[in-house]
Structures are given as C-alpha cells and as structure tokens.
Amino acid sequence: VGTAEGPVLLADRHETRDLGLDEGPYMAFAVSNSGKFLACLSERGVFKVLSINDELRVLDVANIECRKRPKQMVWCGDDCIALYLAVPTPSNSMQHVLFVGGPQNDWIPYQYD
C-alpha cells in the first residue's frame, strides 16, 4: 500500500509493516506472480525491485527518469517487468513506449506511434 505522504506499507492478514523506502512517494506498484517480489516506481523516476519474503531486501534499483505514471506495469514471470507509457510529443501526438526490464538493470525500450 502506498500512502500520500510517501511510506510504503506491506500488509497481510496478520500484520502491517513499513518497508522504509526512500525516494517516495511511489506512483506505481506490481507484485510478481509468485508473490515474492514487489516492483515500485517513484514520482522521481526511481524504479526498485524488492524481495518481500520474511526479510525485506532491495534487489535492483534503476533511475529510468520516468516522471509520468505508467499506463500499465506488469510482471512477465518472476524475472522480467514491463512498463507501458503514453507520452505527449511536442507535435501534440502520443508516443507509446514500452520498457521491458530484467535482472541487472537490463532495459529494452520499444517505441511506436
């Protein structure tokens, strides 16, 4: 759960805990299919992948310089994530961008009209 003030809370049936993430507030979240990983995108463009098992651990951090809320952010399995953005261009058309990222900050951008 993301809050307006910035903290990110992890909640289950038994407890709620503050994940202690900085660089917030966060505007997009995605939980992996297995429930083991959480991807977060902050309003500053900082993208993080966290292991959310018993011990919280930051696995990956990337500054993707995206300050616009993605239209969609989804996991593709447990080791790849996709972010879809629609960005206005100076000519008032829309540029569609799909970022596909995997381990070790390996990002592949796809752009289309």
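What counts, and at which threshold
Residues numbered from 1 in each chain as written. Predicted model: local features only at pLDDT ≥ 70, side-chain atom pairs only at ≥ 80, totals over all residues. Heavy atoms only, no water. Helix = DSSP H or I, 4+ residues; strand = E, 2+ residues; numbered from the N terminus. Rg over C-alpha atoms; globule rule 2.2 N^0.38 Å. Phe/Tyr/Trp six-rings, centres within 6.5 Å; stacked < 30°, edge-to-face > 60°. Buried < 20%, exposed > 50% of the residue type's maximum accessible area, 1.4 Å probe, protein only. Contact = heavy atoms within 4.5 Å. Polar contact = N/O pair within 3.5 Å; in protein donor to acceptor, adjacent residues only side chain to side chain.

**Student:** When you look at the overall build of the chain in this model, what are you seeing that I'm missing?
**Tutor:** A count of helices and strands for the chain gives zero helices and ten strands. In sequence order, the secondary structure elements of the chain are arranged as β-β-β-β-β-β-β-β-β-β. The C-alpha radius of gyration of the chain comes to 15 Å, within 12% of the 13 Å expected for a compact globule of 113 residues. C-alpha extents for the chain along the principal axes are approximately 50 × 30 × 20 Å.

**Student:** Which parts of the structure should I look at to understand the packing of aromatic side chains?
**Tutor:** The geometry of an aromatic ring pair is captured by two quantities: the separation of the ring centres and the angle between the planes. According to the stated counting rule, one finds three aromatic pairs in the structure shown. Consider the rings of Phe-47 and Trp-107, whose centres lie 5.1 Å apart with planes at 85°: the pair is edge-to-face. Placement of the pair is Phe-47 in strand β5 (residues 46-52) and Trp-107 in strand β10 (residues 106-112), with a sequence separation of 60 residues. By relative accessible area, which is 22% here, Trp-107 ends up partly exposed.

**Student:** Help me understand the environment of Thr-89, please; the structure alone is not making it clear to me.
**Tutor:** As for its placement among the helices and strands, Thr-89 is situated in the loop between β8 (81-88) and β9 (94-102). Along the chain, Thr-89 and Lys-71 lie 18 residues apart, while their C-alpha atoms are 16 Å from each other. Excluding residues within four positions of it along the chain, Thr-89 makes contact with Met-94 and Gln-95. A polar side-chain atom of Thr-89 sits 2.8 Å from a polar atom in the side chain of Ser-93.

**Student:** Can you walk me through the side chain of Gln-95 in this structure?
**Tutor:** Turning to its location among the elements, Gln-95 is positioned in strand β9. In this structure, Gln-95 is in contact with Leu-85, Ala-86, Val-87, Thr-89, Gln-111, Tyr-112 and Asp-113, ignoring residues within four places of it in sequence.

**Student:** Any chance you could explain the side chain of Lys-48 here in plain terms?
**Tutor:** Looking at where Lys-48 falls in the secondary structure, it is placed in strand β5. Under the relative-accessibility criterion, Lys-48 is labelled buried at 6%. Non-local contacts of Lys-48, meaning those with residues more than four positions away in its chain, are made with Leu-21, Asp-22, Glu-23, Tyr-26, Leu-38, Ala-39, Cys-40, Asp-60 and Val-61.

**Student:** How should I be thinking about the environment of Ile-64 in this particular structure?
**Tutor:** By secondary structure assignment, the location of Ile-64 is in the loop between β6 (56-63) and β7 (72-75). Separated by 38 residues in sequence, Ile-64 and Tyr-26 have C-alpha atoms that sit 14 Å apart. For Ile-64, the contacting residues outside a window of four places in its chain are Leu-41, Gly-45, Phe-47, Leu-83 and Trp-107.

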